[in-house]
Structure formats: C-alpha cells, structure tokens
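Survey of secondary and tertiary structure
So you can see what is in the structure, the chains are spelled out below.
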Amino acid sequence: MGLLYGLIAVGLALIFGLMDVTNFAHGEFLMIAMYASFFLFSYFAIDPLLSAPLVAAALFVFGAIVYLLIVRFAMRAKANAGMVQIFTTFGLAIVMRGLAQLFFTPDYRSIPPSLIGGKTVSIAGIFLPEPQLVGALVSIAAFAGLYLFIHRTDFGRALEATREDPGAVALVGIDKNRVFAFGWGLGAALVGLAGAIMAVFFYIYPDVGASFALIAYVTVALGGFGSVFGAFAGGIIVGLVEAVTALMLPPSLKSVGIYAVYLLVVFIRPRGLFGSM
Amino acid sequence: MDKNFAARRRRDLIIAAVLTAIAASAPLFVKNVYIQNILVLTLMYAALSQSWNILSGYCGQISLGHALYFGIGAYTTELLFTKFGVLPWFGMLAGGGIAAAIAMGLGYPFFRLRGHYFVIATIVIAEIGLLLFQNWEWAGAALGITIQVRGDSWLKFQFMRSKLPYFYFALALCCIAWFVTWWLEDSKWGFWWRAVKDNPEAAESLGVVVFNSKMGAAAVSAFLVAVGGAFYAQFLAYIDPESVMGFQFSLLMALPAVLGGIGTLWGPVLGAAILIPMTELTRSYIGGSGRGVDLIVYGTLIVLISLALPQGLVSLLSRAKSKGATR
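Throughout what follows, the structure given in this document is the object of discussion. (Residues numbered from 1 in each chain as written. Chains lettered and ligands numbered in written order. Predicted model: local features only at pLDDT ≥ 70, side-chain atom pairs only at ≥ 80, totals over all residues. Heavy atoms only, no water.)

Each helix and strand in chain B was counted, giving 14 helices and two strands. Expressed as a percentage of contacts within chain B between residues at least 6 apart in sequence, the contacts between residues at least 24 apart total 77%. Accessible area of chain B: about 14100 Å², with a carbon and sulfur share of 69%. (Helix = DSSP H or I, 4+ residues; strand = E, 2+ residues; numbered from the N terminus. Contact = heavy atoms within 4.5 Å. Areas by Shrake-Rupley, 256 points an atom, 1.4 Å probe, with all protein chains shown as cover.)

Right, let's talk about the side chain of Thr279(B) for a bit. Secondary-structure assignment places Thr279(B) in helix α12 (residues 267-285). At 2.6 Å, the side chain of Thr279(B) forms a polar contact with the backbone oxygen of Leu275(B). (Polar contact = N/O pair within 3.5 Å; in protein donor to acceptor, adjacent residues only side chain to side chain.)

With that out of the way, let us pick up the packing of helix α2 (residues 33-58) of chain B against helix α11 (residues 247-260) of chain B. Residues and elements named next belong to chain B. Two elements in contact, α2 and α11, have axes whose closest approach is 8 Å; the angle formed by their N-to-C orientations is 85°. Taken as axis vectors, α2 and α11 run roughly perpendicular relative to one another. Together, Tyr-45, Leu-48, Ser-49, Trp-52 and Asn-53 of α2 and Phe-249, Leu-252, Met-253, Ala-254, Pro-256, Ala-257 and Val-258 of α11 make up the contact between the two elements. Grouping the constituent residues of the contact of α2 with α11 by class yields 10 nonpolar, two polar and no charged. (Axes fitted to C-alpha atoms, helices over the stretch in contact; angles between N-to-C directions. Parallel < 35°, antiparallel > 145°, perpendicular 65-115°, else oblique. Nonpolar A, V, L, I, M, F, W, Y, C, P; charged D, E, K, R; others polar.)

Size of an interface, as often reported, equals the accessible area lost when the parts are brought together. The interface is formed by 40 residues belonging to chain B together with 46 residues belonging to chain A. For the pairing of chain B and chain A, the buried interface totals around 3800 Å² over both sides, and the portion due to carbon and sulfur atoms is 77%. Counting every contact that joins chain B to chain A gives zero salt bridges. Summed over the shared surface of chain B and chain A, the number is one residue pair in polar contact (both at pLDDT 80 or more). Elements with a minimum of two residues in the side of chain B that touches chain A: α4 (88-110), α5 (115-134), α11 and α13 (293-308) of chain B. For the side of chain B that touches chain A, the leading source of residues is α5(B), giving 11 residues. Residues that form the side of chain B that touches chain A fall into these classes: 29 nonpolar, eight polar and three charged. (Buried area = accessible area lost by both parts, 1.4 Å probe. Salt bridge = Lys/Arg side-chain N within 4 Å of Asp/Glu carboxyl O.)

Okay, the environment of Arg283(B) next. Its location among the elements puts Arg283(B) in helix α12. Looking at Arg283(B), the relative accessible area reads 46%, which means it is partly exposed. (Buried < 20%, exposed > 50% of the residue type's maximum accessible area, 1.4 Å probe, protein only.)

Okay, the layout of surface pockets next. Residues and elements named next belong to chain B. In this structure, the second largest pocket encloses a volume near 1300 Å³. Lining the second largest pocket are 44 residues, and of these Trp-178, Leu-265, Trp-266, Val-269 and Val-314 sit closest to its centre. Considering each element in turn, the lining of the second largest pocket owes the most residues, 12 residues, to helix α1 (residues 2-29). Partitioning the lining of the second largest pocket into residue classes produces 28 nonpolar, eight polar and eight charged. (1 Å grid on protein atoms, 1.4 Å probe; cavity = no way out; pocket = protein on both sides within 12 Å on 5 of 7 lines; lining within 4 Å. Points joined across faces, edges and corners; volume = space filled by probe spheres on them.)

Attention shifts here to empty space enclosed by the protein. Leftover empty space is mapped by rolling, across the atoms, a probe with the size of a water molecule. Residue and element names in this part refer to chain B. All told, the structure shown has three cavities of 30 Å³ or more when counted by the stated rule. The space that makes up the largest cavity amounts to roughly 130 Å³. Forming the walls of the largest cavity are 14 residues, and the residues nearest its centre are Leu-55, Tyr-69, Phe-110, Phe-118 and Thr-122. Elements supplying a minimum of two residues to the lining of the largest cavity: α4 and α5. The dominant element in the lining of the largest cavity, judged by the number of residues it contributes, is α4, at four residues. Class assignment for the residues of the lining of the largest cavity results in nine nonpolar, five polar and no charged.

All names here are of chain A. All told, the structure shown has 23 aromatic pairs over all chains when counted by the stated rule. Ring geometry for Tyr-35 and Phe-39: centres 6.1 Å apart, planes at 20°, overall stacked. With a gap of four residues between them, Tyr-35 and Phe-39 both fall in helix α2 (residues 26-44), about one helical turn apart. Look at Phe-39 and you get buried, because its relative accessible area is 18%. In textbook terms, an aromatic cluster arises when at least three aromatic residues are bridged by ring pairs, as seen for Phe-29, Phe-62, Tyr-67, Phe-180 and Trp-184. (Phe/Tyr/Trp six-rings, centres within 6.5 Å; stacked < 30°, edge-to-face > 60°.)

This is how it looks when you write it as structure tokens:
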C-alpha cells in the first residue's frame, strides 16, 4: 500500500514539490486515469496493466494542456500567487468532478479481477496479492526513473533551474513554458500510471480522487518539498503507519495515524524529512 | 497620507452603516422563504470569510483548516444544549472560547511552519478533528445530532416558523466581524500583522513580537468562526461531522475572501454577496438534474475569476477609482 501511495505522490512531488505549483486537482487527475483504464477495459477488453502506458500517455497530454491553458496564467499572478493557484486548480477539480458525473454518472464501478487479479505470490513465506506486487514494482521503477531523470538529464536540471529563477533561465535560452508544460505532463503521466494500477482494486467514482489527494499531499510534505527521494520515503512511511494504525484503531480512524505522524515530523523538522525548501 | 487614511476609514464606516440599513430592511421586500434562505447563508459566509481573513488575509497565515473551529462551535453548542440543556447563547460563547483556546494551543507548534507545510498542517488537523467526531459515539458519531424542537423562542434561539430571526442574527454577526476587522485595521495589531505578512524577519527586528501577533490573529479568527458554526447548527437544527467540519467548509470560508480580495476590508463581503447567491442559484436551477452541470458552471466561474482578478473583485473598484482620480 505504501508504495502505491508513493506512486500517487510521485507525480505530485514533481508538480508540487519540484516546480512549486500547487495543484488541488491532483486527485481528479487520478480519477480521470482510473476511468480511462476502466473504459479501455470494458470497451476494448484491454487489461488495466497493459493499458497503463496508454493511460499514462493520455494523461501526459492532458497535464501539458492543463498547464498551457490554465496553470500558466495562474502562475503569472503578481499578487497572492499561492491563493490564485490553489483556487484555480480547485475550480478545475470541481469542473472535472462535474464532467465525470455528467458523462460517467455517479455510479460506483469496478474492474473484475483481471489477468493478475486475485492471485497471490509468496515471497519468502509472505503472501502478497499480485496486483499490489505489480503496483509496488511499477512504483519503485517510476521513482528510480524520475530520480535519474531529475538528477542526471539536462531536462531535470532545466526544471530545477526554472523554478529557482525563471528570469535567468530565459537568458540562457530555456523556454520556461516548455519546461513546465513537460513537467506537468510528466507529473500527470505518473498519476496516470498510478490510476491505471489502482483501477484494478478500488471502486471508481467521480469523487474517488479526493480521498487519495490529501494523503498524497501529506506524503510529499512528509518527505519534504523538492526531494524525489523524500516522496518515495514518505510513501513507504505513510503505508507502514496506516497498517500499524489499522491494527490498533478501528478502520475508520486509520488515516488519523498518518496525519499525526505528519504533524509530529514537521514539528521536529519543519522542512519534512528530506526537504530542501 | 494620514488624513486620507482617516477619511477612508470614516467613509468605510458610513458605507457599512448604509449597507447594514439596506440589508436590515430587505425582509420588508423579500417575502420569499427561498430567497431569505440565500440571504441568511450569504451573510453567514460573509461573516465567516471576514473572520478567516483576519488570520489568513491580514496576518498572511493561510489556513485551510478553519472548518475545525466552525465544527467545534457547532458541536459545543449542540452538545451543551441537547445533553445538558445549556442555552445556545452560552454554548456559542463556550464554543468560541474553546475554539480560540485550541487555536492558540495549536499555534505553538504550527506557527513555526512556513508556506505549504503550514497549509497542509491546517488541513490535516481539521481532518483529524473530523475523523474523531465521526467516531465519537457520545457526540452522535457519523450520524450527528438532531436538535430537539422546543418551540420558537429567542431564549433558545430556535425558530421554526420564520427565518427572519436567523436573518437578523446573521446580519449582526456579519456586522460584528466587519467591525472587528475595521477596528483592528487601525490598531497596533493591524499594523503588526501587515508587517508580519510582508516580511516577518524585518518585523521581528523592529520589535514586533511576531509569534504573539500570529496567536492573537488566530484566536480572534477562531472565536468568530466558532460563533458562526454555533449559528449554523441552530439554523439547520441538525449537524453531523461531515456537514460542519468537512474540508469543503474550509474552502468555502476562504473562497469569498479570495474572490473578493484577500486581506482587504470589503473583499469578504463583496465576495460572499456574489459567490453565495451564484452557488445557490446554479445549484437549484441547473443542479436539479443531479448530473454535475452545476459543478461545471461553478468551477468554471471560480477558475475564470481567480485568473482574471488575482487581487479580487475589490481591485476592480479601486482601479475604477484611481482612473477617476487621475482624470
């Protein structure tokens, strides 16, 4: 579970953590991805795990478009930049939920146990359901990929430089909008990946994103803004804490443990575990 | 400059008095219960947003967890009323006091946090409150509390036959919140808060006790929001955790101030006067289909307004005025 939270958080870590843009529609990106993989499954009988790259590609385009059409302008605000970003993306989230209700109806949907669903694998005596295992592997791969991408490629450096000082970046010939549009696309694609995997074992409905979005924020902040590794570690901690809390408290209270740990961590380290900002 | 400031403040006071008089006479003309209902909600959100604005607008500490104080006000009042028979008037003050105390208690660790870490902490603490109330059997858990009807009376602040008493209370609350803001603007606190918002380090070096200023703002803000929560509970005669402490409320409280003009005296009132009727009307005229069209319209409007007027609707007014002045 922790790795799945990590996977949802990693896209947010890129948008929110590295580019420092607040995205309150992150949960709705996840929701769209889950619907996408649901419809690919029900109309074309493509298994969610096989359609995951397709969904990720679609979300990449979607994320880049959202940036170019909306977020670009929200970032231009000279005053109250933070609030403008919060409420622009919040408005976008409401629109997306409304659209989902309109076109997909508020019904709960689920994908029947697929190719890999329902089976379990045993590793050294511990039994794991297969979808979770695949999710975990994809999650680790995504993190490793993003980490290398940010720290080893020119694009990653351009991204960080653009956040630090857009003016100076423009002087050396980097187009801020292209870098950020690509970053948003990439962030959305990662959420798409998470959504495709999660579609296998969660109900899909227009408000599904909201329940995961807050945990994703907490995960990113727990790990610390500006750190991909932090988001990964945050995801694992959140998963572990949730499992432990679920053992001690009634299931309806399981998130309390996660929130309490977040508060505890930032009270001790106001920049999160591995944050640089 | 000083003269202008004093003149502006006097003018603000006069405008407020005129607006209050107009609002107070509105029920003479508006007999439709549905529209009266919208007016009550508009005034309530104006009051809430004005209170939120004290901490988040003037002092610059963006809180998206004020639903916690709203819920505490509602729950304190109703638990005292239904379990111990304490009159809602006392419950309201008790709720306000508890909320202010909690705000200050939370202030100790919270005000060390900056930026996103602070905002997320406020969301998270309200969410913890929500989950605890949902699981607190004695307080009705997720089912909430239904307030017994004991006949219309000012003493018990309960009115089934008419919405007018609620209307006047909401108007009074809105006036109080506005007046507190007006008064604080010109007080030592008001200047400190603006200094803290603009540059905390510089403010500190000039002798502003940053931490205490933030605490003061948090306490005043939480107290007023909790009174609003107590009012809302009496108004609905039914509360449950999600409907008084949900994250939605934190955003709904912030939204009028942000759209109207954050950190300004008139922003919250202006924002609420436009936003709340718009929300209610889209909900009842297009929302009936239950197909989400109202959400699409509502969301689109929020996106457009926040993109077009990052400083809020108030900036339109001052822009028009400065144009007139230069002419």
